[in-house]
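# Results of the structural survey
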Amino acid sequence: MTKLILTTCVILSIATTLYASPVSDLKVSIDSKLITFSASPILKNDVWLVPIDTLCKQLGLKVESPDSGKMVVICDSGESELCVPLNLGEHAFNIDNVTYAKLIDIIEPFGFEIYKISETEFEIVRPEHLAPHFILPDLDINPKRLQDFRGKKTLLYIWGSW
Amino acid sequence: MRPWHDKANAEFVTLVDSQNILGNLFNLKAIPYGVMIDEAGRLVKFPFSINVAKKETLAMLEKWLSDPAYNATLLNDVKPANISQNPKVIEANARFQLGRTLLEIGKKTEAMAEWRKALALDPKNWIIHKQIWAVEHPDKFYDGNVDYGWQKAQLESEKR
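Bear in mind the structure is a predicted one, so any value in this text is a computation, not a measurement.

What follows concerns the overall build of chain B. A tally of helices and strands in chain B yields 8 helices and 2 strands. Taken from N to C terminus, the helices and strands of chain B fall in the order α-α-β-β-α-α-α-α-α-α. Reported as C-alpha extents along the three principal axes, the dimensions of chain B are approximately 55 × 40 × 35 Å. Taking all 160 residues of chain B together, the buried fraction comes to 37%. Contacts in chain B between residues at least 24 apart in sequence constitute 41% of all its contacts with a sequence separation of at least 6. Surface accessibility of chain B: about 9600 Å² in total, with carbon and sulfur atoms responsible for 55%.

See the structure below:
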């Protein structure tokens, strides 16, 4: 069983090396400032992989590598004490001595959101800058989420008939 | 809301907030209020007293739509949400919600009692105040036009 798992991990790692290539023109910004990555991000199966260390530093997150070597753990350095493990070969990938993960897997557990400006341009939004989430019915009683209006400037005009 | 929406030939989306969810989220004491949110879901300006009949307000909104630099300027100026955690306000909100539920199941007297307690805790909350008036005097609110003259007179009489 142990052999089978190890074999699978190796195949994944090779696949990553063979089919993913570094792309230098990905632009990721936070607070309107462009992030400079320690290594070029990688586009794999239409999903962006980015170096964990650079991104976490920008977001104020800590990266830990337990002795087992099977995962990296990303922790909130603030009050929440939230830690998220990313298994190597599954959610994190060592490529040319750099540990990568999906952009979304790094930011989402900590409440950050990503806004896709174009195929190669993304803005990370801090949770404290986001409008609070809500769901309300429209006049036909269809539920609408505030997130349904992403990509458009939205004015909430809060009004009553009285 | 449907009659107002249809009369305006509105192309925007109208949502119905019967639970005062937005009032709680943004700590609103009165309406109308505006909240501006950009393409990325960021709060740009909130909540602010809004009157779309004013030329200045429309000009500001048009500038926001057409000028990305203005959005960036507003983002720089926006302060983090200052949602009140005042225990009295929290209790007032809870009592306001309880009153709504009581009214829905036909317990009007009990609902009014909860709303009066809520208003005593948060006396400047005009959403609660008008809710009480609307249930006490539905003819001034739901028979055609809203009678704002009556509301002014009522306010003066309550001050005495």
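Next up on the list: the overall build of chain A. Helix and strand counts for chain A stand at 3 helices and 15 strands. For chain A, the residues scored as buried account for 37% of the 162 residues in total. Considering only contacts in chain A between residues 6 or more positions apart, those separated by 24 or more positions represent 38%.

Quick look at the sheet that holds strand 7 (residues 71–76) of chain A now. Residues and elements named next belong to chain A. The sheet built from 3 strands is open, its strands ordered 6-7-8 with antiparallel pairing. Across the chains shown, the open sheet's two edge strands, defined by having one partner strand only, are strand 6 (61–64) and strand 8 (83–87). Recorded for the sheet is a direction-independent mean angle of 20° between the axes of neighbouring strands. Here strand 7 pairs with strand 8 via 5 bridges, running antiparallel. By the bridge assignment, Met71 is partnered in strand 8 with Asn87. Helix-sheet contacts for helix 2 (residues 52–59) involve strand 6, strand 7 and strand 8, and the interaxial angle to strand 6 is about 145°.

With that settled, consider the confidence of the model for chain A. For chain A, the mean per-residue pLDDT works out to 83, and 85% of the residues sit at or above 70. Across residues 1–19 of chain A, where pLDDT falls below 50, the model places 5 contacts with residues more than four positions away in sequence or in other chains.

This paragraph deals with the sheet that holds strand 1 (residues 33–37) of chain B. Pairing is antiparallel across the open sheet formed by 3 strands, whose spatial order is 15(A)-1(B)-2(B). Lying at the two open borders of the sheet, with one neighbouring strand each, are strand 15 (154–158) of chain A together with strand 2 (43–49) of chain B. Between one strand axis and the next, the sheet turns through 10° on average, direction left out of account. Summarising the sheet, strand 15 of chain A and strand 1 of chain B pair through 5 bridges and their orientation is antiparallel. Paired with Leu155 of chain A across the two strands is Met36 of chain B, which belongs to strand 1 of chain B. The strands that helix 3 (residues 55–66) of chain B touches are strand 15 of chain A together with strand 1 and strand 2 of chain B; relative to strand 1 of chain B, the one it contacts most, it runs at about 10°.

Turning next to the confidence of the model for chain B. Should the pLDDT be low somewhere, the predicted coordinates at that spot are not to be read in detail. On average, residues of chain B score 87 in pLDDT, and 97% of them are at 70 or above. Scored by ipTM, the complex comes to 0.81, with pTM at 0.76.

All right, on to the pairing of strand 12 (residues 121–125) of chain A then. Residue and element names in this part refer to chain A. Summarising burial for strand 12: 4 of the 5 residues are buried, a large majority. Sheet analysis places strand 2 (residues 27–30) next to strand 12, joined by 4 bridges and oriented parallel. Looking across to strand 12, one finds that Lys27 is bridged to Glu121. In textbook terms, the turn of a hairpin is the stretch between consecutive antiparallel strands, and for strand 11 (residues 113–118) and strand 12 this stretch comprises 2 residues.

Gaps between atoms show up when a probe of the same size as a water molecule is rolled over them. By volume, the largest pocket is sized at about 1500 Å³. Lining the largest pocket are 45 residues, with Tyr157, Ile158 and Trp159 of chain A together with Thr14 and Leu15 of chain B sitting closest to its centre. Broken down by secondary-structure element, the contributors of at least two residues to the lining of the largest pocket are strand 15 of chain A together with helix 1 (2–7), helix 2 (21–25), helix 3, helix 5 (87–104) and helix 7 (126–136) of chain B. Classifying every residue of the lining of the largest pocket gives 31 nonpolar, 9 polar and 5 charged.

Further remarks concern the packing of aromatic side chains. What describes a pair of aromatic rings is the distance from one ring centre to the other and the angle between the planes of the rings. Counted under the stated rule, the structure contains 4 aromatic pairs over all chains. Judged by centre distance (6.2 Å) and plane angle (55°), the rings of Phe26 of chain B and Phe46 of chain B are tilted. Taken together, the positions of Phe26 of chain B in the loop between helix 2 and strand 1 and Phe46 of chain B in strand 2 put the pair 20 residues apart, joining distant regions of the chain. For the pair shown, Phe26 of chain B and Phe46 of chain B are each scored as buried. Note that Lys44 of chain A overlies the ring of Phe93 of chain A, its terminal NZ or CZ placed 4.9 Å from the centroid. The ring of Phe48 of chain B carries the charged tip of Lys45 of chain B above its face, separated from the ring centre by 5.2 Å.

On to the environment of Asn94 of chain A. Residues and elements named next belong to chain A. Assignment of secondary structure puts Asn94 in strand 9 (residues 92–95). Classification of Asn94 by relative accessible area gives partly exposed; the value is 45%. Considering only alpha carbons, one finds Asn94 and Pro51, 43 residues apart in sequence, at a separation of 9.5 Å. Other than its neighbours up to four places away in sequence, Asn94 contacts Leu88 and Thr99.

Procedures and definitions
Residues numbered from 1 in each chain as written. Chains lettered and ligands numbered in written order. Predicted model: local features only at pLDDT ≥ 70, side-chain atom pairs only at ≥ 80, totals over all residues. Heavy atoms only, no water. Helix = DSSP H or I, 4+ residues; strand = E, 2+ residues; numbered from the N terminus. Buried < 20%, exposed > 50% of the residue type's maximum accessible area, 1.4 Å probe, protein only. Contact = heavy atoms within 4.5 Å. Areas by Shrake-Rupley, 256 points an atom, 1.4 Å probe, with all protein chains shown as cover. Pairing = 2+ DSSP bridges. Axes fitted to C-alpha atoms, helices over the stretch in contact; angles between N-to-C directions. pLDDT = per-residue confidence, 0-100. 1 Å grid on protein atoms, 1.4 Å probe; cavity = no way out; pocket = protein on both sides within 12 Å on 5 of 7 lines; lining within 4 Å. Points joined across faces, edges and corners; volume = space filled by probe spheres on them. Nonpolar A, V, L, I, M, F, W, Y, C, P; charged D, E, K, R; others polar. Phe/Tyr/Trp six-rings, centres within 6.5 Å; stacked < 30°, edge-to-face > 60°. Lys NZ or Arg CZ within 6 Å of the ring centre and 35° of its normal.

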